[in-house]
Each structure stands twice: as C-alpha cells, then as structure tokens.
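Residue strings, one per chain:
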Amino acid sequence: MKITTQSPEIQKKVTTLLELLGEVNDLQSAAALLNWDQATYMPSGGGAARGRQLATLERLAHEKFTDVAIGQLLDQLESYRQTLAPETDEAALLRETRRRYELATRVPPSFTEKMTNHVADAYEVWAKARPADDFAVVVPYLEKTLDLSRQLADYFPGYQHIADPLIDRNDYGMNVATLRPLFSDLRTRLQPLVKAISEQPQVDDSCLAQHFPEQQQLDFGVGVIQQFGYDFTRGRQDKTYHPFMTKFSLGDVRITTRIREDHLGECLFSTMHETGHALYEQGIDASFERTPLAEGTSSGVHESQSRLWENQVGRSLDFWHHYYPQLQATFPAQLGTVGLETFYRAINKVQPSLIRTDADELTYNLHVAIRFELELALLEGKLAVKELPDAWDELYATSLGVTAPSPRDGVLQDVHWFAGTIGGAFQGYSLGNILAAQFYAQAIQAHPAIPTEIAEGQFATLYDWLRENIYQHGAKFTTAELVQRVTGESLSLTPYFDYLRGKFGAIYQIEL
Ligand code: ZN
C-alpha cells in the first residue's frame, strides 16, 4: 500500500505495521487453504490432525494480531491518522485495523476457548439431534449458547441493544435500531405479494427435475462464469458438500460447487452465487493485498454480490434469451421441447416452503425475518429456549402459511445457532437481497444498455461498473458509506420491491 507521509519516522511505523499485518494474513491464508482442502480433497483419515493444525495456525494468527506491538503502533499512529482525509487508503487501513484489534483484544482468550469448545459440542449434538428429530436434547446446549452470546456482547459495553455487538461483528455499523424496522417493513410488504402469488395456478417446474449428467452441468456453468468475468488464472472450481468461496490471496480466489444429477438448479445457481462472491474478492485493489482491507466489507455487501449475479442476472429472462439455446443444445433430450418461457417460470417458481435454503427469491426473506425476530426475543429474555419450537411454528404459520410436521424441518434446520452465537448471523442474507437490487438499479441507471447486453451474453459493462464502484474498495468503506457513495442514498427497500413487483408480476401475470 502506498504510504503518503513525508516523515521517515511515521513511514517506518506504517511499514512495520503492514509487515506484522501481512504475517497475520499469511497465517490466516494458510488456515483457509487447510480448510478448503478439508472440504474438497482431504481423505477422511486426515480429520483429527487437520483439526489440530487449524487450531495451531489460528492460535498463532490470533496471538500475532493481538500482540501489544500492534496496539502500540496503532496508538502511535493515531495522531497521524487524524491528519489524513478519511477517504484515503491509509486512513481506512488504520481505522479498520483498530476496529479489528479492539474486537480481537476485548474478548479474553479464556472466553474464546470456552466458546469454541462449547460450539464444537453443540454442533455434535445438533448433527445427531436433527436426523433424530429431537429438540429436547439440544435445549441445554442452546441455553448455554444464549448465555455465552450475551456474555460476548457484554465485552463491548455501551451498546443500545444486546444484539448490536453480535451484528456488528459481521455487518459493521448495522444495529437493531436500523434492522428491526427494516425487517418489519420487509415482512409486511412481502406477505401480500407471497399471498397473491400463492392464489395463482402453480408453476410447473418438472423440467428441472430430470437426469442431467454431471460433467455437462459443470461445463455449462464454467462457460457462464467465465463470461461473467471470473478469472480462472486467479481461481479454480472444485466439488464440495456445502458450496463456498474462499481466498488465499487476491491472486487465488476459489469457488466450490455441488451437483445433483436429478435437478438442474443446484449446480448452476450455486455456481453463479459463489462466483458473485469471488468476483468481489478478485476485484479488490491489488495494493490492499495482505492487509485487513483486502476483503469484502460485510456479510450483507458480500451477499449482495452473490445474489446480484445469481438472481438479477442469472434468473433474468434477458440472460436466458442468450443462454437457453446453449442449454438446450447441451441437454437436447431433457430440454429440447421445453420452451424458454416454461424454463424461465420454472427457475423462478414461488412457493412458500419449510426450508430456508430451498426457498425462492421472494419467500427467502420471510425465513430470515423469522430467525432475526426469534434471536432478538431470545437475547432480550422475552423468549425461553424451550419455547422456541412453538414460537417458530407460530411465525411460520402467520408469515408463510406453513407448519413443520416436526422440529427437523422447523427449528432444527439451520446450523447457525449450533455453530456460533445466537444473534448476528442471519441479517446479512436479507441485507444482501435488498442491496443487490439497490446496486443493480443504480448500475442500470448509469448504463441503461446493461439488460440488452446481458441478452447478448455480454457482462463487461456491469462487471466494470461493479468493480469500479464496489469491488476495488474491499473493506475500505463501511456498508452504509458504500451504499451512500454508490447510490447517493441510504439503504432502501424501494428498488428491491420495484424489482420483485416487476419480475414476479410479469411471471404470474398479476398486478403486485
Ligand atoms: Zn453467499
């Protein structure tokens, strides 16, 4: 990173800080590589040793980052930071490093260890409780998770709401005061749309549930994401069980996918989704390498990029105008007689369902809103863990009109509460959907030809706009700052509902 100061003394301090941060980053990247390997190629016999290796690397990275030397450098550079314009890279680096340093040092290592051990136990219990359909067995674990989540929040005193410090860890700058009305508004406005669509004749999506050989699915997906702008000289794609994106440097940003031969949607849309995450990371300013600025700024903004490529682009009629003939040529026996319109309606079918991860674009946020509301109630002490299944069912009945036959497809379905804190994990999904629409509307306002270009299989204008306005900045701006800079407005539901009403109104031929 370019250091602008003329003072040799300050220059030396910034250089030293960058070197220390670089070493922390190296350790974290090595751990990420071990994680990637574990989720892709590692033989099962490697599991126990891999756990130890990861724990060692993570401990070393944590010790190095929380070293008093970094705190001293940050203190010594504080007056320099105040002379810098807030929009400079250096100011952002010092601000973001300080924020992370506070996050890492306020929580005592003994607490982190207790939490890590508890979460490992809770996960084990959940992994058995879900197939066994047994909520009672997880109750004491969830109660302890809730207790530990509250304790964790208390290491960051001065919050307005106890969930704020937990939300802040993933979506810096967001809080309950902003999110609660947003989710409430989201739910109130989504429910009538979902209801109106539910009253329409069911869309036939049986064309997706046929036999689609694995290799053809993979090849088709690779062709699409190369056109999106994914750079295979700085990344690769492998198979896994739960698809994810990971990064070891700005020159090595990898994606993973999962293929179901009996359903076409899974591989294709998850490939586009993970590619959206990867385009963000590959597009970050190269000078941020090995610093805390070299990653997406928040869960919400990250998810906006995966959703934008998956939904606004990949589930659009324009996109399939260009790609559907190619898909038909790839799968002539399966899709040769299925028209474009039928296929397009199938990939956009709306149907209230029980499982969040299978939900369509429209009902997905209702699943998230339910979890967000329950998390707040638990943290506020208004809801006891043992009352959770009933509260869950009640919200599903009122929001989506469906009821889980048993906890397996209800309150036990998500890993999140058994893999970390209660609070802070879900808001990013809906923020992503909202922001995807807001950013995309802005891109089209700047370049009205984007949809026409997409209909010709051209994505360069959109990609360049995203790179210029979002990707290159990495973590330099907070979510709120970025939204303001890019759209000239704060976070807004208007573009999202314009998008949903336009798209699904046309698909279901109703006024929404
Ligand atoms: Zn994602």
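Because the structure is a prediction, the values reported are computed rather than measured.

Considering the layout of surface pockets
Consideration 1: The space that makes up the second largest pocket amounts to roughly 350 Å³.
Consideration 2: Taken together, 18 residues make up the lining of the second largest pocket; nearest its centre are Leu 103, Phe 156, Pro 165, Asp 168 and Tyr 172.
Consideration 3: Ranked by the residues each element gives to the lining of the second largest pocket, the list is headed by helix H4 (residues 89–106), at six residues.
Consideration 4: Each residue belonging to the lining of the second largest pocket can be placed in one class, and the counts come to six nonpolar, four polar and eight charged.

Considering the domain arrangement of the chain
Consideration 1: Domains assigned within the chain are domain 1 (8–158) and domain 2 (176–364 + 403–508).
Consideration 2: Computed over C-alpha atoms, the centres of domain 1 and domain 2 are 27 Å apart.
Consideration 3: Each side of the interface is counted separately: domain 1 has 40 residues, and domain 2 has 37 residues.
Consideration 4: Taken as a group, Trp 36, Trp 126 and Arg 130 account for 20% of the area that domain 1 buries against domain 2, more than any other trio of residues on that side.
Consideration 5: Linking domain 1 to domain 2 there are seven salt bridges.
Consideration 6: The closest approach of N and O atoms between Asp 133 and Arg 408, which form a salt bridge, is 3.7 Å.
Consideration 7: Linking domain 1 with domain 2 are 17 residue pairs in polar contact (both at pLDDT 80 or more).

Observations regarding empty space enclosed by the protein
Sizing a probe to match a water molecule and rolling it over the atoms shows the empty space that remains.
Consideration 1: With the rule as written, the count across this model stands at three cavities of 30 Å³ or more.
Consideration 2: In this structure, the largest cavity occupies an estimated 70 Å³ of space.
Consideration 3: Arg 95, Glu 96, Arg 99, Tyr 172, Thr 297, Ala 475, Lys 476, Phe 477 and Thr 478 are the residues that line the largest cavity.
Consideration 4: Among the residues making up the lining of the largest cavity, the classes are represented as three nonpolar, two polar and four charged.
Consideration 5: Looking at which domains feed residues into the lining of the largest cavity, each of domain 1 (8–158) and domain 2 (176–364 + 403–508) gives three or more.

Points about the sheet that holds strand S1 (residues 237–239)
Consideration 1: The three strands lie next to each other as S1-S3-S2, forming an open sheet whose pairing is mixed. Whereas interior strands pair on both sides, the edge strands pair on one side only; in this sheet they are S1 and strand S2 (245–249). The average undirected angle you get between the axes of adjacent strands in this sheet is 25°.
Consideration 2: Of the pairings in the sheet, the one linking S1 to strand S3 (residues 252–257) comprises three bridges and is parallel in character. Across the sheet, residue Lys 239 finds its bridge partner in S3, namely Thr 257.

A short note on the coordination of the zinc ion
Consideration 1: Coordination sphere of the zinc ion, protein contribution only: His 273 (NE2), His 277 (NE2) and Glu 303 (OE), at 2.1 to 2.4 Å.
Consideration 2: Ordering the donors of the zinc ion by residue number gives the pattern H-x3-H-x25-E. Here His 273 pairs with His 277, and both are found in helix H10 (residues 265–282), just four residues apart, close to one helical turn.
Consideration 3: Classification of His 277 by relative accessible area gives buried; the value is 9%.

Parameters at a glance
Residues numbered from 1 in each chain as written. Predicted model: local features only at pLDDT ≥ 70, side-chain atom pairs only at ≥ 80, totals over all residues. Heavy atoms only, no water. 1 Å grid on protein atoms, 1.4 Å probe; cavity = no way out; pocket = protein on both sides within 12 Å on 5 of 7 lines; lining within 4 Å. Points joined across faces, edges and corners; volume = space filled by probe spheres on them. Helix = DSSP H or I, 4+ residues; strand = E, 2+ residues; numbered from the N terminus. Nonpolar A, V, L, I, M, F, W, Y, C, P; charged D, E, K, R; others polar. Domains from an automatic or database assignment. Contact = heavy atoms within 4.5 Å. Buried area = accessible area lost by both parts, 1.4 Å probe. Salt bridge = Lys/Arg side-chain N within 4 Å of Asp/Glu carboxyl O. Polar contact = N/O pair within 3.5 Å; in protein donor to acceptor, adjacent residues only side chain to side chain. Pairing = 2+ DSSP bridges. Axes fitted to C-alpha atoms, helices over the stretch in contact; angles between N-to-C directions. Donors = N, O, S within 2.8 Å, 3.2 Å for Na, K, Ca; no water. Buried < 20%, exposed > 50% of the residue type's maximum accessible area, 1.4 Å probe, protein only.

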